[in-house]
Amino acid sequence: MKKFFFKVIYRYLDCIHRQILLPKNIYISLALENLISFISGKEVRFSIDKKQNLIRAKEKNLIKFYTDPTRCFWLYRNGIKARGKFLHKSYCIDKLNFSKKDVVLDCGANSGDLFIELKDRIKSNNYIGIEPNPRDFEVLKLNCPNTTLINKALGIEQTFLDFFVATSNGDSSLVKPKNFQTIIKVKVTSLVQLMNELKLDKIKLLKLEAEGFEPEILIGAGDRLKDIEYIAIDGGYERGISEEETFTTLTNFLIKRDFEILDIYFPWYRALFKNTNS
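These numbers come from a predicted model, not from an experiment.

Cut-offs used in this document
- Residues numbered from 1 in each chain as written.
- Predicted model: local features only at pLDDT ≥ 70, side-chain atom pairs only at ≥ 80, totals over all residues.
- Heavy atoms only, no water.
- Core = buried A, V, L, I, M, F, W, Y, C linked by side-chain atoms within 4.5 Å.
- Buried < 20%, exposed > 50% of the residue type's maximum accessible area, 1.4 Å probe, protein only.
- Helix = DSSP H or I, 4+ residues; strand = E, 2+ residues; numbered from the N terminus.
- Pairing = 2+ DSSP bridges.
- Axes fitted to C-alpha atoms, helices over the stretch in contact; angles between N-to-C directions.
- Contact = heavy atoms within 4.5 Å.
- Phe/Tyr/Trp six-rings, centres within 6.5 Å; stacked < 30°, edge-to-face > 60°.

## A short note on the nonpolar core
General note: in soluble globular proteins, nonpolar side chains tend to be found buried as a group.
In step 1: L105, L191, L218, L225, I231 and L254 are the most contacted members of the largest nonpolar core, which has 37 residues in total.
In step 2: In terms of residue count, helix 9 (residues 247-255) provides more of this core than any other element does, four residues in total.
In step 3: Membership of the second largest hydrophobic core comes to 21 residues, among which are F137, C144, A232 and L272.

This is the structure we're talking about:
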């Protein structure tokens, strides 16, 4: 009953933040969010980092910076550690065993939340975060120090493409979405090119979330697909103005190339695949 009660309050707060408090006074919104966090026994607290001009979430020794207040509250109000655990669960990688030498390539890294759980399991420089959005990339650098971060997009080949920026809701994409703030040109490289440049013999895990552009990224993996042990995909209804799903396309592509499906997180159309030849 208590859990249900706080869930109702959280949804009510989301509405207040977006429609009333945030447009008028961010500090009142922060105070209200922190009060609810205190009442519910959560240790996470929110503040404004004036130096970085970002929202900051802090839980014990964990700190996360974020650009948008409403989305920051939504992601971390249950705790930073809880956010990391949920992300691993939603990509079905929570039961994978990692060693320090394992390489993880996080395509669509955003603010680097995948690294929350990985930072104690692999070497920091073995986490490779790919994020084409310049603003999100600056935040990624703050959240994931001493890691390998690349401010490019992945695609079929090396080129420059239009990138539709939707920072506030995390929906930026190389495929034109329904809603976006602006259009910029970004550098695009292929997974083949990236792995060769970084001299990567093998990748333990590729996490693939590109807001509908995932099929092109897998095509760009070419013959290096065989050197990836696990691939976790986000195949939800996010491709283009018509909001098509990519789950079917990605699944068929991978199965034809000797990957088998291990698990599915149905609510968000995410799944984990294993290379049967690895």
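## A word on the sheet that holds strand 4 (residues 104-107)
In step 1: Strand order in the open sheet made by the seven strands is 6-5-4-10-11-15-14, with mixed pairing throughout. Looking at which strands have only one partner, the edges of the open sheet turn out to be strand 6 (148-150) and strand 14 (259-265). Averaged over all neighbouring strand pairs, the angle between strand axes comes to 15°, with direction disregarded.
In step 2: With three bridges joining them, strand 5 (residues 127-130) and strand 6 adopt parallel strand pairing. The residue bridging I130 from the neighbouring strand is I150, located in strand 6.
In step 3: Its contacts with the sheet put helix 6 (residues 134-143) on strand 5 and strand 6, and the angle it makes with strand 6 is roughly 175°.

## What to know about the packing of aromatic side chains
In this description, an aromatic ring pair is defined by two values, namely the gap between the centres and the angle between the planes.
In step 1: Under the defined criterion, the tally for this structure stands at eight aromatic pairs.
In step 2: Plain terms: the ring middles of F86 and Y265 are 6.1 Å apart, the flat faces sit at 80° to each other, and that makes the pair edge-to-face. One end of the pair, F86, is in helix 4 (residues 80-90); the other, Y265, is in strand 14, and 179 residues separate them in sequence.
In step 3: By relative accessible area, which is 27% here, F86 ends up partly exposed.
In step 4: Note on F115 and Y127: the rings are 4.9 Å apart at their centroids and 40° apart in plane angle, and the pair reads as tilted. In this pair, F115 is assigned in helix 5 (residues 115-118) and Y127 in strand 5, connecting sequence segments 12 residues apart.

## Quick notes on the pairing of strand 15 (residues 270-275)
In step 1: When you tally the buried positions in strand 15, you get six out of six residues, the bulk of the element.
In step 2: Looking at chain direction, strand 11 (residues 228-234) and strand 15 are connected through five bridges and run antiparallel. Bridging from a neighbouring strand, I233 pairs with A271 of strand 15.
In step 3: Of the strand pairs in this sheet, strand 14 and strand 15 are connected by six bridges, and their pairing is antiparallel.

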